[in-house]
Amino acid sequence: MAQTGTLLQTLAAKLPLLLSTAGLLVAVFLAQVLLKGNPLANLPVALDDLPSDEKRRQAFLTRAKDVYATGYKKFKDRVFRIITSNKYHVIIVPPKYLNELKSLPDDTVSFDGAIEQTMHAKYTKLEVGHKLIPHIVKSNLTPSLVRLNPTIAEEVQESFRREMPECDDWTPVNINYKLLRIVAMVSGRVFIGPELSRSEEYVDAAINYTIDLMHARQAVDTMRPWLRPFLANRLPEIRKLNERLAQADAFIRPIVAHRKKLPKEQAPDDMLQWMLDGQSEKFGGEYKTETLARMQLGISFAAIHTTTMTTTNVFYNMAAYPQYVSVLRDEVREVLAQNNNTFTSAALQGMKRLDSFIKETMRIDPAGFAGFQRRVYKPFTLSNGQVIPADVIIEVPAHALAKDPDVFESPDQFNPWRFYDIRQKAREQGAVEEAAQNQFVSVNPLVLTFGYGRHACPGRFFAANEIKMIIANTILMYDMKLMDGHTQRYPNLEFGLSVSSPFRFKQALILTRCSLFLIPPRSFFSSESRLLRREQKHTPIARVLGKHQQLLGSRNKLTDARITPQLLWVMKFTVDGLQIQGPEYREPIF
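Going by the annotation in an unreviewed UniProt entry, the name recorded for the protein is Cytochrome P450 E-class, group IV, with Podospora anserina given as the source organism. Regarding the protein, the UniProt comment filed under Cofactor (unreviewed entry) reads as follows: "heme".

Encoded structure:
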């Protein structure tokens, strides 16, 4: 007891010294923070005429394309920042620094890190950073396309027989929905093999995983960061996503088990088999079936909806500009005739006007407004002396660049032969490299469709072949036109950063006899309703409400719906806290 008392007396005597020392340390820390300042404070901000960051955030949600465009025009050669709907800082770097950016190591700026942060991979369980997938795409898939093209072409034709109608007259068809299923089956034949690629179980998982993933990401996004470790896994959207992952594991598990027993000479020729064969310590060792399932769904996330959106946009433009379709059809017929009516690699490369049409569509109607997204782990300095701090996301304003009159002549005009003419002129001048850089699959700093640098999309060659085969088959079988006598292309749906949100995925198009009817996307979800099969004269309101609410997710609400005397639907929505009322539109058609 005596020793304890002596110790307490000693501590009491030194308490003032301890408190003063602690106070000094706190003061030093605060001084460092204050002296260091905010590294972003000296960067100009887009929409600086708005009074607050909250106003800028709201503007980003409703007109993100304009945010990038106005910032690019005002600060064209300067670094600036934007206020997004997310909680992290986003810095926009001028395109002229792309060659500097692509040379930075991955421990300074990270492609995977940007995906991991923006998609909340910790909670959504999105497989990020596996070296096996890009290795297999580059080493197995792309070199095998010459051998696989006949299989892909056969799968395209089989999926058309299953999904597309035989029409003797103009027949409305939800082309976007049909394309989702066609692309899922065709891609699945290469990704996972014939055992599953045409099964409803796989098609449903491949299509809807992305929608579930985006709903989960949005739900986590709105939660305060310090609450996420405790509550994120309890969100209904996260639980639904986990159920989707468990279902994928369940139907892939027996396939994997069967393949492991097969002799090498009987192994299928697809990505799942390449993944099984490619497992090694170099790529993280042998993966669990659960991980393989998540990787397969991750491939679907990266491929199916983006391919479908690109093809959908091409069909919208074909319907809006029908004068070009006959030229494309003649080219396809001529090239196929020269290649024994087979979709060989040479035939696909020979469809140069179709290639240009697709590339111009991607320039005008991209999947997103920014490119080269990277997470910054270490500060770095650009050649102009501008320091980019750590813990930010950097982007390049890709769409604003594509609409820059200093880069492209008449950039707001849809010119289907723009890149065809550039390639022809380059060839005439002997500029072989310039001609090659203006192909659809090419990566260059002026068109960031597939990214730039060593992390450019490795699957773009497969995607380009698939898109060309689908379009070629369609224009050989169908004509196209817009609904109700419309002659101008319907505008895309845009919300927040990207036009590739889940709301955009079910955007409707319509096919007919030898024509494509395109339904205008007049509200965020009016096109969704066309997924409903019309089994009676008027679809019951309760059924429409249930379907829409399922598509919206738990955070977004369908607040009202009614049918006018003219049998037109009017619906109101709450999306991320914003009130939206869709204009009147026709009863759902399937």
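Caption draft 1: Spatial organisation of a nonpolar patch on the surface. Nonpolar side chains collect at one region of the surface, where Trp226, Phe230 and Leu231 lie side by side and expose about 370 Å² of accessible area between them. By the element assignment, Leu231 lies in helix H9 (residues 228–231).

Caption draft 2: Molecular detail of the packing of aromatic side chains. If you walk through the whole model with that rule in mind, you get nine aromatic pairs. Plain terms: the ring middles of Tyr321 and Phe414 are 4.9 Å apart, the flat faces sit at 10 degrees to each other, and that makes the pair stacked. Here Tyr321, found in the loop between helix H12 (289–320) and helix H13 (325–338), pairs with Phe414, found in the loop between helix H16 (398–402) and helix H17 (418–428); they are 93 residues apart in sequence, far enough to count as distant. A relative accessible area of 7% means that Phe414 is categorised as buried.

Caption draft 3: Geometry of helix H7 (residues 175–191). Relative to the 24 Å expected for 17 residues at 1.5 Å per residue, H7 spans 23 Å between its end C-alpha atoms, a close match to the ideal helical length. Among the 17 residues of H7, 15 are classified as buried, and the element is accordingly described as predominantly covered. Following H7 by one or two positions, Gly193 adopts a phi angle in the positive range, close to 95 degrees.

Caption draft 4: Region of the structure containing the pattern of salt bridges. Taken as a whole, this structure holds 31 salt bridges when the rule is applied. Two residues, Arg56 and Asp53, come together in a salt bridge whose shortest N-O distance is 2.6 Å. One end of the pair, Arg56, and the other, Asp53, are both in helix H2 (residues 53–74), three residues apart, so they sit about a helical turn from each other. Judged by relative accessible area, Arg56 falls into the buried class, the value being 10%. One salt bridge connects Lys468 with Asp355, and the closest N-O pair in it is separated by 2.9 Å. Placement of the pair is Lys468 in helix H19 (residues 460–477) and Asp355 in helix H15 (residues 352–364), with a sequence separation of 113 residues. Neither Lys468 nor Asp355 differs from the other in exposure class; each is buried. Members of the salt-bridge network, linked through shared partners, are Glu163, Lys178, Arg181 and Glu200.

Reading the values: the criteria
- Residues numbered from 1 in each chain as written.
- Predicted model: local features only at pLDDT ≥ 70, side-chain atom pairs only at ≥ 80, totals over all residues.
- Heavy atoms only, no water.
- UniProt positions renumbered as here; feature names shortened; annotations may be inferred.
- Patch = residues over 30% accessible without salt bridge, like charges linked within 9 Å, V, L, I, M, F, W, Y side chains within 5 Å.
- Areas by Shrake-Rupley, 256 points an atom, 1.4 Å probe, with all protein chains shown as cover.
- Salt bridge = Lys/Arg side-chain N within 4 Å of Asp/Glu carboxyl O.
- Helix = DSSP H or I, 4+ residues; strand = E, 2+ residues; numbered from the N terminus.
- Phe/Tyr/Trp six-rings, centres within 6.5 Å; stacked < 30°, edge-to-face > 60°.
- Buried < 20%, exposed > 50% of the residue type's maximum accessible area, 1.4 Å probe, protein only.
- Expected span 1.5 Å × (residues − 1).

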